[in-house]
Amino acid sequence: MYFETFSQMKKQLGQLGKWLEAGAAHAKAKSFDPNLYLGFRLAPDQLPFVKQVQIACDAAKLGASRLTGKPAPSHADTEQTLEELGARVRSTIEYLDTLTAKDFEGAATRVITNPRWEGKVMSGADNFQEHIIPNFYFHLTHTYALLRHNGVNLGKADYLGTLSLRAP
């Protein structure tokens, strides 16, 4: 279950990379600096676009790292361009590519800690279900919504990506 879900997150991060490219193309077509996206928000109290992308990547890589015990790549949160955000997305996908189903053995019972939890812990199963999955999709979806809200021509098929359709 864990490996399969992270495989789907990897696929969704690939879609995110395509959205960044679509945003850059849209900005070029409309003659504005594509890096303006980085500061866009849907609401005044919401984190900006750049943080949405960073946190989506972190949710996937740190979630996988905590469940497997394998170290994740470090990112300094200093991206200032869509291109740099694209590099972060690719780096996260490359990390997820290194993991196997075997790496997730015992993940459900692993004790997970997080500096923000003030000394509290969760089981791997609870962390996966209650934090990793919703946190990843929350920030991924906000990234998509920010681009759509600002005129980038994306639709549901761009969100889902290629489906594994086949003849019966």
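Everything below is about the structure printed above this text.
Overview of the structure. Throughout this description, residue numbers start from 1 for each chain and increase along the sequence as written. Where totals are concerned, whole chains, interfaces and linings use all residues; where local detail is concerned, this predicted model gives features only for residues with pLDDT of at least 70, and gives and counts side-chain atom pairs only at 80 or more. Excluded from the side-chain calculations are hydrogens and water; all other atoms, namely the structure's heavy atoms, are used.

Observations concerning the packing of helix α1 (residues 2–29) against helix α3 (residues 82–97)
Item 1. Orientation is described by lines fitted to C-alpha atoms, with helices fitted over the stretch in contact, and by angles between N-to-C directions that extend from 0 to 180 degrees. Secondary structure is summarised from DSSP: a helix means a run of H or I of at least four residues, a strand means a run of E of at least two, and numbering begins at the N terminus for each. Packing of α1 against α3 leaves a shortest axis separation of 10 Å and a crossing angle of 165°. With respect to their mutual orientation, α1 and α3 come out roughly antiparallel. α3 is crossed by α1, and the crossing has left-handed handedness. Residues Phe6, Lys10, Leu13, Gly14, Leu16, Gly17, Leu20, Gly23 and Ala24 of α1 pack against Leu82, Leu85, Gly86, Val89, Thr92, Ile93, Leu96 and Asp97 of α3.
Item 2. Note that Gly is not counted as nonpolar here; it falls among the polar residues with everything else outside the nonpolar set of Ala, Val, Leu, Ile, Met, Phe, Trp, Tyr, Cys and Pro and the charged set of Asp, Glu, Lys and Arg. Taken together, the residues of the contact of α1 with α3 sort by class into 10 nonpolar, 5 polar and 2 charged. For this classification, under 35 degrees means roughly parallel, over 145 means roughly antiparallel, 65 to 115 means roughly perpendicular, and everything else is oblique. By convention, the crossing between two helices is left-handed when the near helix turns anticlockwise from the far helix through less than a right angle, and right-handed when the turn is clockwise. Here, two residues are considered to be in contact whenever any of their heavy atoms come within 4.5 Å of each other.

Details of the side chain of Asp58
Item 1. Locating Asp58 in the fold gives a position in helix α2 (residues 49–68).
Item 2. For Asp58, a relative accessible area of 18% gives the class buried.
Item 3. What qualifies as a polar contact is a pair of N or O atoms within 3.5 Å, subject to a donor-acceptor requirement within protein and to the restriction that residues adjacent in sequence count only when both atoms come from side chains. In terms of polar contacts, Asp58 uses its side chain to reach the side chain of Lys61, at 3.4 Å.
Item 4. Every residue in contact with Asp58, bar those within four places of it in the chain, is listed here: Gly63, Asp77 and Arg88. Remark: exposure states derive from per-residue accessible area (1.4 Å probe, protein chains only) relative to the maximum for the residue type, with buried under 20%, exposed over 50%, and partly exposed in between.

So, α1
Item 1. For α1, spanning 28 residues, the distance from its first C-alpha to its last is 40 Å, which sits close to the expected 40 Å at 1.5 Å a residue.
Item 2. Of the residues flanking the end of α1, it is Ser31, one or two places downstream, whose phi is positive at about 60°. Here the expected length of a helix is defined as 1.5 Å per residue gap, with one fewer gap than residues.

Points about the nonpolar core
Nonpolar side chains tend toward joint burial in soluble globular proteins.
Item 1. Only buried residues count toward a nonpolar core, which is a set of Ala, Val, Leu, Ile, Met, Phe, Trp, Tyr and Cys residues joined through side-chain atoms within 4.5 Å. By size, the foremost hydrophobic cluster in this structure holds 40 residues, and its most contacted members are Phe6, Leu13, Phe49 and Leu67.
Item 2. Mapped by element, the contributors of at least two residues to this core are α1, α2, α3 and α4 (124–149).
Item 3. Setting aside its immediate chain neighbours within four residues, Leu67 contacts Tyr2, Phe6, Phe104, Ala107, Arg110, Ile112, Gly124, Phe128 and Ile132.

Comments concerning the packing of aromatic side chains
Item 1. Classification of ring pairs uses Phe, Tyr and Trp, with its six-membered ring standing for Trp, and accepts pairs whose centres are within 6.5 Å; under 30 degrees between planes counts as stacked, over 60 as edge-to-face, and the remaining range as tilted. Scanning the model with the defined rule gives 11 aromatic pairs in all.
Item 2. Arranged with centres 6.4 Å apart and planes meeting at 55°, the rings of Phe3 and Phe104 form a pair that is tilted. Note that Phe3 is positioned in helix α1 and Phe104 in the loop between α3 and β1 (111–113), a separation of 101 residues in sequence.
Item 3. On the basis of relative accessibility, which here comes to 28%, the residue Phe3 falls in the partly exposed class.
Item 4. Of the residues examined, Phe104 reaches a relative accessible area of 5% and is grouped as buried.
Item 5. Between Trp19 and Tyr144 the ring centres are 5.2 Å apart and the planes differ by 65°, which places this aromatic pair in the edge-to-face class. In this pair, Trp19 sits in helix α1 while Tyr144 sits in helix α4, placing the two residues 125 residues apart along the sequence.
Item 6. Accessibility expressed as a relative area gives 1% for Trp19, which makes it buried.

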